Amino acid sequence: MHTEGKIGICVYPGTFDPITNGHIDIIKRARYLFSKVKILVARDADKNTLFSFTERVRIVKTAISSIEGVECEGFDGLLIDYLKRTGITIVVRGLRAVSDFDYEFQFTLMNRKLYPPVEFVFVMPGEEYFFLSSSLVKEIAFLGGEVGEFVPKIVEEEIKKKLRIYEAHNKS
Ligand code: ADP
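Residues numbered from 1 in each chain as written. Predicted model: local features only at pLDDT ≥ 70, side-chain atom pairs only at ≥ 80, totals over all residues. Heavy atoms only, no water.

Draft legend 1. Broad picture of the site of the ligand. Taken together, 17 residues lie near the ligand, and Tyr12, Thr15, Phe16, Lys47 and Leu132 sit nearest. Taking arginine 93, its side chain carries an N or O atom lying 3.2 Å from an oxygen atom of the ligand. The separation between an oxygen atom of the ligand and a polar side-chain atom of aspartate 100 is 3.3 Å. Considered on its own, the ligand offers 540 Å² of accessible surface; in the complex 90% of this is hidden by protein. Every element with two or more residues in the shell around the ligand is listed here: β1 (9-14), α1 (21-33), β4 (90-94) and α4 (99-114). The residue inventory of the shell around the ligand, partitioned by class, reads 7 nonpolar, 5 polar and 5 charged. (Near = heavy atom within 4 Å. Polar contact = N/O pair within 3.5 Å; in protein donor to acceptor, adjacent residues only side chain to side chain. Areas by Shrake-Rupley, 256 points an atom, 1.4 Å probe, with all protein chains shown as cover. Helix = DSSP H or I, 4+ residues; strand = E, 2+ residues; numbered from the N terminus. Nonpolar A, V, L, I, M, F, W, Y, C, P; charged D, E, K, R; others polar.)

See below:
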């Protein structure tokens, strides 16, 4: 696809539990616009995640290692505090079917109220990713389905590892 971004740096925050090909599609499209895309993995202690914070950061780093101009780091607390600290003001989010709109609308307006310099950019994925979500991937995997076509290789491997741990745990 496209290779060169032209307008500075943006962040792409999310839970990434786990990162899917839909996220990767957004990252590549964001990279078309921006010279650097920083993926921010939220600790989100409140959410019941399949992968720990450390695992999610490590998996994203592996999944994006061949994409030039893209970095990943973990963050804790409010997104706007991270933005204030780093001076970055542009946030990219992915927009799928109508279901994302309500939440993203609230999230954007609230962040803007808290920190007016922030600007959100919404990127639509390719249509094959419109109905893909991390939760669907987890559901399919736990019901014994193959998820290889929806996620990077590293995620497929890590999900299989988790399943083996769960199976061993349930047997004992
Ligand atoms: P969050 O918990 O913040 O929603 P996610 O990791 O689920 O974190 O998603 C991060 C961002 O990526 C959100 O903007 C979400 O709408 C977007 N996203 C997730 N899956 C897809 C997809 N298949 N296509 C496009 N955008 C997506």
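Draft legend 2. Fine view of the packing of aromatic side chains. In total, this model carries 8 aromatic pairs according to the counting rule given. By way of ring pairs, the aromatic residues Tyr103, Phe107, Phe120 and Phe122 are connected into one cluster. (Phe/Tyr/Trp six-rings, centres within 6.5 Å; stacked < 30°, edge-to-face > 60°.)

Draft legend 3. Examining the pairing of β4 more closely. Across the 5 residues that make up β4, a large majority, 4, are buried. Two elements, β4 and strand β5 (residues 119-123), share 5 bridges in a ladder whose sense is parallel. Across the sheet, isoleucine 90 pairs through a bridge with glutamate 119, a residue of β5. As a crossover connection, the stretch from β4 through α4 into β5 is right-handed. (Buried < 20%, exposed > 50% of the residue type's maximum accessible area, 1.4 Å probe, protein only. Pairing = 2+ DSSP bridges. Right-handed = clockwise from strand over helix to strand, strands pointing away.)

Draft legend 4. Broad picture of a nonpolar patch on the surface. A cluster of nonpolar side chains, Ile7, Tyr32 and Leu33, forms an exposed patch at the surface whose accessible area comes to about 280 Å². For tyrosine 32, a relative accessible area of 41% puts it in the partly exposed group. (Patch = residues over 30% accessible without salt bridge, like charges linked within 9 Å, V, L, I, M, F, W, Y side chains within 5 Å. Salt bridge = Lys/Arg side-chain N within 4 Å of Asp/Glu carboxyl O.)

Draft legend 5. Looking closely at the packing of helix α5 (residues 134-142) against helix α6 (residues 153-171). Here α5 crosses α6 at 50 degrees, and the two axes come no closer than 11 Å. Judged by the angle between their axes, α5 and α6 are oblique. Seen along the crossing, α5 lies across α6 with a hand that is right-handed. Packed against α5, whose contacting residues are Val137, Ala141 and Phe142, the element α6 presents Ile159, Leu163 and Tyr166 at the interface. Considered class by class, the residues forming the contact of α5 with α6 number 6 nonpolar, no polar and no charged. (Axes fitted to C-alpha atoms, helices over the stretch in contact; angles between N-to-C directions. Parallel < 35°, antiparallel > 145°, perpendicular 65-115°, else oblique. Left-handed = near helix turned anticlockwise from the far one by under 90°. Contact = heavy atoms within 4.5 Å.)

Draft legend 6. Region of the structure containing helix α3 (residues 79-86). Every buried residue of α3 is accounted for by Leu79, Ile80, Tyr82 and Leu83. Within α3, the buried residues cover an arc of 155 degrees as seen down the axis, which keeps them to one side. On its buried side, α3 packs onto β1, β2 (36-42), β3 (70-75), β4 and α4. Positive phi shows up at glycine 87, right after α3, with a value of about 80 degrees. (Arc of directions from axis to C-beta.)

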